[in-house]
Each structure stands twice: as C-alpha cells, then as structure tokens.
2 protein chains.
Amino acid sequence: MNEVIVELEERSYPIFVGNGLLKTIDGLIGEHLAGRSVCIVTDSNLKERFLPDVERSLSRCARAVHRCVFPAGEASKRLSTIEAICREAVRAGLDRNSVFVALGGGVCGDMTGFAASVYMRGTRFIQIPTSLLAMVDSSVGGKTGVDLPEGKNLVGAFFQPEAVVIDTAFLETLPKRELSCGYAELIKTAVILDETLFAFLEADAGALLPHPAPAQTIEAVSRCCTLKAGVVAADEKESSQRAILNYGHTFGHAIEAVTGYTKVEHGEAVAIGMSVAARLAVSLGFISRETAERQDALLRAFALPVTVPEGCSAEAVLQAMGADKKNSNGKLKLILPERIGKAGIHTDVPREMILNAIRERSAQ
Amino acid sequence: MNEVIVELEERSYPIFVGNGLLKTIDGLIGEHLAGRSVCIVTDSNLKERFLPDVERSLSRCARAVHRCVFPAGEASKRLSTIEAICREAVRAGLDRNSVFVALGGGVCGDMTGFAASVYMRGTRFIQIPTSLLAMVDSSVGGKTGVDLPEGKNLVGAFFQPEAVVIDTAFLETLPKRELSCGYAELIKTAVILDETLFAFLEADAGALLPHPAPAQTIEAVSRCCTLKAGVVAADEKESSQRAILNYGHTFGHAIEAVTGYTKVEHGEAVAIGMSVAARLAVSLGFISRETAERQDALLRAFALPVTVPEGCSAEAVLQAMGADKKNSNGKLKLILPERIGKAGIHTDVPREMILNAIRERSAQ
C-alpha cells in the first residue's frame, strides 16, 4: 500500500492507495469514525455491488451507519440532489460531528463533498472512489460541487476530505470506456507536470488497459495523486498555478456542453480538449507538431478520442468556453503545454487562433 | 458614522453604521467594486423602494450592475432560490471576481452570502441590511444558508462579507412588529454579554420604538455589533463559546417549526425562547425569578411576546429541538443566563425540567 499526504496545513489528509483495501478499511479510517454517525452516499448502480461490504466494515468503528442512494449519472449532479442528501441526513439524525462517506465515482465524490461542506455549515467527509477518474481527480484538491443547466461545476465549495481510500480492485469491475476516461486524467497530469509519468504510461499501456495490473496501477495512481497534491498544496484555491490542472478542461467542458453531456464522456472530452490545446500550442510556437502527436498517440493508446465530434462547431465551442468559471474578468484563460511535463497559463490568445485549433481537430 | 471592525485575520471586515449612508455608499465600498461586475440580490418587496437608488450608487464604481429579485419571505429561503440566483449570475456573465450585494433583510443576507460562497466555489459579498434583525444579527458572523423542510438554516456556509453598510434610515420604513423582532436580538445580546446595553435599552426603549431616533439607534446597533463581533472573533466557526449567541434560539427555532413558520416571527420566537430559557435557569438555580422577570419586562417593553403560543405543546417543542444543528453527538445544547450580561452552555439538563419550563411559559 502507498500513502500520499496532501499537505494543506490543518486540512492535510492522507490518500491510501492499494489493492483490496476495502477489506481492512476500518483499520485505515477507523479513528475518523469512532463514536460518530456516518452516512454513506452512493449511487443506484453501486448500491448492490459494494454498499453492503462497506456498511459492514464501517459498522465496526462508527456509532451508526446510514445510507443515502441517488440515481446514478451526471443528471443527478444538481442542487436538488444535495437537498435530498441533506434531508436524508436530518432524518437519520446526523449532526455536525457526523461523517459523510462518498462511495462512488466523480459525481458521487463531488456531491458528497459539497453536501458535507454545507450540511449544518460543515461536517466531515471521507472518499472511497470507485472509478479511476475519481481516484486521480476528485480525490485530490477538495473541489466539490454540482452543475447548473448553464454549465458544469458552477456551484460548489473547496472542501477537503479527512481521508481518501483508493482500492484499485474496484477498477477490475469498470467497463473499458470508463477506465479509458480515467487515464485521460493521468495523461493530462503527465503532460503538464511529469515526463517520467508520461514515459511510464507509454511503456506500460498494455498492463493498464483493458485489464489493470495491480502493481502498475498502484504506481500510476499514486504518482498522479502525488503530482496533483504538490500543485494543490501550493495553491489550494486556484488563485494562480493550480489552474494548470485544468489543461484540456476548458475546451473539454465546452465540448460536453455543446453536445448536451450525453454523447461524450467527461474523460473523452478532456482528451479531445488536450488535443485541441496542443494544436493551439503548436500554432503559437510553444511545442513542435511531433510533441502534439506524441501526446495524441498516448491518448489513442488508451482508447481515447482526439477529434472534436461531428455537429460541434468551433464557434459553439468557443461560445460555451465563455461561460467557464475559470475565466477571469471576462478574459478566456487557456492552459497550453510548453513541452511534455510542463504547461503555462495564457489569457491573450487571439480568438481566431482558438477557432482554427478547434477546426483543425474537428472530424471531417 | 460609527465603524465596527469584525476581526477575523485575513477575513476581517468593516461594518459602517450611520443614518443616510445609502447616499454615499460608493465612497464606503467603492474599492471593493472597482472594475468588477456586481449582482444586487433583493426581494420583491424592496425592488421598487430601494433598488433603483442602490443601483445608481453602485454604478458609479462597478464595471456593471445586475439585479436578481426573488419573492419576499422565508419560503424563498431554499436551495432552489440559490440555484435561481446562481443561474441568473451565469446569464449576467458574473465570474469569480464578481461581487454579490445583499439588499434586504435576514433572508436576503443569508441567501446572498450563501450564493456568493458557492457560486464558482466562492466569490465576494457585501451586505446592505434593511431590517433591524439583519443589521445586528446576519451582518456579524458570516453565518449564511437556507432552510430545509426539516428545519431552518440546516444547509449553509460560514462566509464573511467584504463589508457591511448599515443605514439606520431604513428602519424608519419598517412596520412596528418587524422593528420589535429586531430588538429581540439586541435584548438577547445584552442578556448574554452586557448589562450596560441592557440598561441602555431599558432606559431608552421610548426613543427606539415605535419611531427609532437616529442617535440612540446608531448607538444601540453599533454596540450590539461590537459585542457580537468580539464573540465571533474568538470562535468563528462556533466550536465553543460562539454558541452562547444562540440564546433563545434553540427554543425559538423549535417553536417556529412547531407553528409552521407562519404564526410567530423569528424575533418573536427568540423572545419566547429567551423567556423559557430564563425560567429554566431559575429552576436550575442559576438566576433569581426577579432577573427572569426583568428580562421579560424588557422584552414586553419592546412589544415582544413572552409566552409559548397556544397549540404548541411542550413535547412537540422538545422534539423539534432534537433536530437543531447546534446539538452535539445527540446531546441537547442549551444556553442559559447566569445573570444579566452573562450566559453559559449546558448539555445535561434533565428532559423533564425542560418540559416544565416550556409549560410554565405556555399560554393558559
């Protein structure tokens, strides 16, 4: 088992990464639950599969274990679900000292964390991510929240968990497409922060997909969490450098919005977004065409798309980018690679060049 | 004009208290608005009366001024309104550097502060309270939030404003009942913290109600804000002593819940709650019957009720108290006076004594 510490002063917390951790979870997080009421929040898909085991484990240390199940899917990621979770928590008698446990993917983690941050103006929160994307993305950084019809993650809070337990055994149950989506996040992290991780992913793609080998998976996931933790520790609330973690996301969110959040998975949209951003970096002279192609080749090796889907016009994508919350005083903020392992923040890219980069990566 | 500073390190902020401040508001808060987009949140009652003036003033310093109007009343204080405010803000193009301005009473301030705290995971917030209760209560302490059907303020955040502008001229427009409700909060603060303020209110009741005289009002409001600021500075997130500010509120919230939030105003419920709490303190031997009666006499001098309304049984009130978020690990937390000017926190009061105190203050 690896342990990654996210260093945030009094909000520091450990991420435990291992295979089969669920069996001994009470040993890892028991101290956070002793004498407290716990509400496990999970979705309708995971309820049958994993909930009974987790309930059994947590019952060994918590005072009482309740459950709250919401319908699986991004459509649930709304304030109305936060209200439903909080109402359920009131009915279960949870107070300010209680603990919310997120058992699920990114949607579950983002919502449970947000619910924990606002329930009685702030309780506690532990994450047990079940998807690869949630393991490497939502588990580090404390970004929680929900969507609005106008865009994703527009309402939320920065709220750090007490601990994160990553059991890579969950990945054996994931459909290949979902696993690929998680790797988009690992590849993104490698491109902006670490050529070593990038090379590791190039060399070991076969051991990670479609069937994740435990040793390599633990290594890749821990490395990615460590890298992200370093960025978050230096800039918790994204006043500056943390924004580089949004590489691929500004374009990606816009593509998801334009396609109505149905056709393209989040990880796929980020992959396409990275491909567009890399082409923009090429046209601005930051990186060579070969570097952009090396990135796209790795994305493809993990079965990720690198072209903007049909019916998604460059103009519509650019317009949707305008509503992204990462913008500052009306200026579009773009994260662009400067080499494999390094990225920068740019706010003055000409509109026409952005449109051209989107067009260049559009399906013909 | 008085200026009270709420000392919270990097979250410190000023409260400006004066008569007619609205006219020069841009001079007071202009630095917080310069170059930023502003969204004034107000309710349907205040829209006609005050909004145009405030819009005009803020337009002199902000980059753009938008408005968001919600239906007046506690029924609006729900997550669905937070969603409506945030959606409106997205449509108006507000970003993370924008400022939400609450122009209204407690409901408006609590909701606008909460919306500002969650919009894009945190923006900025300025308060212009128009009711006495909002001036002395919601303006200090950063408690923001909304209700659930299960109880009041069960969802929210601790979020401090950048500044608060208290224009006591607003009070001239208030109905007497609403003004009385505000004084419940001043009397509460005096009972738990300051016999001098208590004596001032006893002596000057005639100058404060029904027509508030500017000089005495500014004095009373500033004094109350200063006292509350001292408590909040020592314990921002209510881990210990801040809880004394809930004097009268645990009983009060329960009475509001049992009467369905329609019959009794919040300030009236707090007044009744204080009367019940004082009787409980008498039966526990903390204060004399004379002290309890001195408190009740001051509440009555400000036209506040001191008896539990008909149809509100002691058992129902006690049960509703169990859902209050100020409880800790299932124990009921009660704030009880120890003399005029001092209160303590108690968690081991026998159930039967609580029931008797409620019965003692019940209408026959």
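Residues numbered from 1 in each chain as written. Chains lettered and ligands numbered in written order. Predicted model: local features only at pLDDT ≥ 70, side-chain atom pairs only at ≥ 80, totals over all residues. Heavy atoms only, no water.

### Some words on the overall build of chain A
- Assigned secondary structure in chain A consists of 14 helices and 11 strands.
- Against the compact-globule benchmark of 21 Å for 364 residues, chain A has a radius of gyration of 20 Å, which places it among compact chains.
- Referenced to the eigenvectors of the C-alpha coordinate spread, the extents of chain A come out at roughly 60 × 40 × 35 Å.
- Burial status across chain A gives 63% buried among its 364 residues.
- Counting only contacts in chain A whose residues sit at least 6 apart along the sequence, the fraction spanning at least 24 positions is 75%.
- Accessible surface for chain A amounts to roughly 12,700 Å². Of this, 49% is attributable to carbon and sulfur atoms.
- Side chains of chain A carry 39 positive and 44 negative charges; the gap between the two charge centres is 3 Å. (Helix = DSSP H or I, 4+ residues; strand = E, 2+ residues; numbered from the N terminus. Rg over C-alpha atoms; globule rule 2.2 N^0.38 Å. Buried < 20%, exposed > 50% of the residue type's maximum accessible area, 1.4 Å probe, protein only. Contact = heavy atoms within 4.5 Å. Areas by Shrake-Rupley, 256 points an atom, 1.4 Å probe, with all protein chains shown as cover. Lys, Arg positive; Asp, Glu negative; His and termini not counted. Charge placed at Lys NZ, Arg CZ, Asp CG, Glu CD.)

### Topic: the relation of the copies chain B and chain A
- When chain B is fitted onto chain A, the two copies agree to an RMSD of 0.0 Å after a turn of 180 degrees and an axial shift of 0.0 Å. Taken together, the turn and the small shift mark the pair as related by a two-fold rotation axis. Distance from the rotation axis, computed per C-alpha, reaches its smallest value in chain B at Leu 79 of chain B: 3.3 Å.
- A share of 100% of interface residues in chain B that are also interface residues in chain A marks the association as one of identical surfaces. (Least-squares fit on C-alpha atoms with pLDDT ≥ 70 in both.)

### Concerning the sheet that holds strand 6 (residues 124-129) of chain A
Residue and element names in this part refer to chain A.
- Read from one edge to the other, the open sheet built from seven strands follows the order 1-2-9-6-5-3-4, with strand pairing classed as mixed. One side of each edge strand has no neighbouring strand; the edge strands of this open sheet are strand 1 (2-6) and strand 4 (64-70). On average, each strand axis in the sheet is inclined to that of its neighbour by 20 degrees, with strand direction left out of account.
- Of the strand pairs in this sheet, strand 2 (residues 13-18) and strand 9 (residues 163-167) are connected by four bridges, and their pairing is parallel. Residue pairing in the sheet places Gly 18 in a bridge with Asp 167 of strand 9. (Pairing = 2+ DSSP bridges. Axes fitted to C-alpha atoms, helices over the stretch in contact; angles between N-to-C directions.)

### Concerning the domain arrangement of chain A
All names here are of chain A.
- We note that the domain assignment places domain 1 (2-173) and domain 2 (178-216 + 238-360) within chain A.
- Between the C-alpha centres of domain 1 and domain 2 there is a distance of 27 Å.
- Between domain 1 and domain 2, the residue contacts involve 16 residues of the former and 19 residues of the latter.
- Taking both partners together, domain 1 and domain 2 bury about 1,500 Å²; carbon and sulfur atoms supply 61% of that area.
- It is Leu 132, Leu 133 and Lys 152 in domain 1 that bury the most area against domain 2; as a group they hold 35% of the surface buried on that side.
- At the boundary of domain 1 with domain 2, the tally comes to two salt bridges.
- Where Glu 256 meets Lys 152, a salt bridge forms, and the shortest distance between an N and an O atom there is 3.0 Å. (Domains from an automatic or database assignment. Buried area = accessible area lost by both parts, 1.4 Å probe. Salt bridge = Lys/Arg side-chain N within 4 Å of Asp/Glu carboxyl O.)

### Let's talk about the pattern of salt bridges
- A complete count under the given rule lists 53 salt bridges over all chains for this structure.
- The closest approach of N and O atoms between Arg 294 of chain A and Glu 202 of chain A, which form a salt bridge, is 2.9 Å. Placement of the pair is Arg 294 of chain A in helix 12 (residues 289-301) and Glu 202 of chain A in helix 8 (residues 195-208), with a sequence separation of 92 residues.
- Looking at Arg 294 of chain A, the relative accessible area reads 28%, which means it is partly exposed.
- As a salt-bridge pair, Asp 137 of chain B and Lys 228 of chain B come within 2.9 Å of each other at their nearest N and O atoms. Taken together, the positions of Asp 137 of chain B in helix 6 (residues 132-138) and Lys 228 of chain B in helix 9 (residues 214-234) put the pair 91 residues apart, joining distant regions of the chain. Taken as a pair, Asp 137 of chain B and Lys 228 of chain B share a single burial class, namely buried.
- A single salt-bridge network, built from bridges that share partners, covers Arg 279, Arg 289, Asp 296, Glu 360 and Arg 361 of chain B.

### Quick notes on unusual backbone geometry
- Omega for the bond connecting Leu 209 of chain A with Pro 210 of chain A falls within 30 degrees of zero, at 0 degrees, which places this linkage in the cis form.
- Unlike most non-glycine residues, Asn 153 of chain A shows phi in positive territory, near 55 degrees.
- Within the fold, Asn 153 of chain A resides in strand 8 (residues 151-158).
- For Asn 153 of chain A, a relative accessible area of 9% translates into the label buried.
- Non-glycine residue Met 120 of chain B carries a positive phi angle of around 50 degrees.
- Its place among the elements puts Met 120 of chain B in the loop between helix 5 (106-118) and strand 6 (124-129).

### Some details on the sheet that holds strand 3 (residues 37-43) of chain B
Residues and elements named next belong to chain B.
- Overall, mixed pairing links the seven strands, which are arranged 1-2-9-6-5-3-4 in an open sheet. Here the strands that pair on one side only, and so sit at the sheet edges, are strand 1 (2-6) and strand 4 (64-70). Ignoring which end each strand starts from, the neighbouring axes of this sheet average 20 degrees apart.
- Bridging between strand 1 and strand 2 (residues 13-18) involves five bridges; their strand directions are antiparallel. Bridged to Glu 3 within strand 2 is Phe 16.
- Here helix 1 (residues 25-33) sits on the sheet and contacts strand 2, strand 3, strand 5 (99-104), strand 6 and strand 9 (163-167); the angle it forms with strand 9, its principal contact strand, is near 165 degrees.
- Against the sheet, helix 9 contacts strand 1, strand 2 and strand 9, and its axis sits at roughly 15 degrees relative to strand 1.

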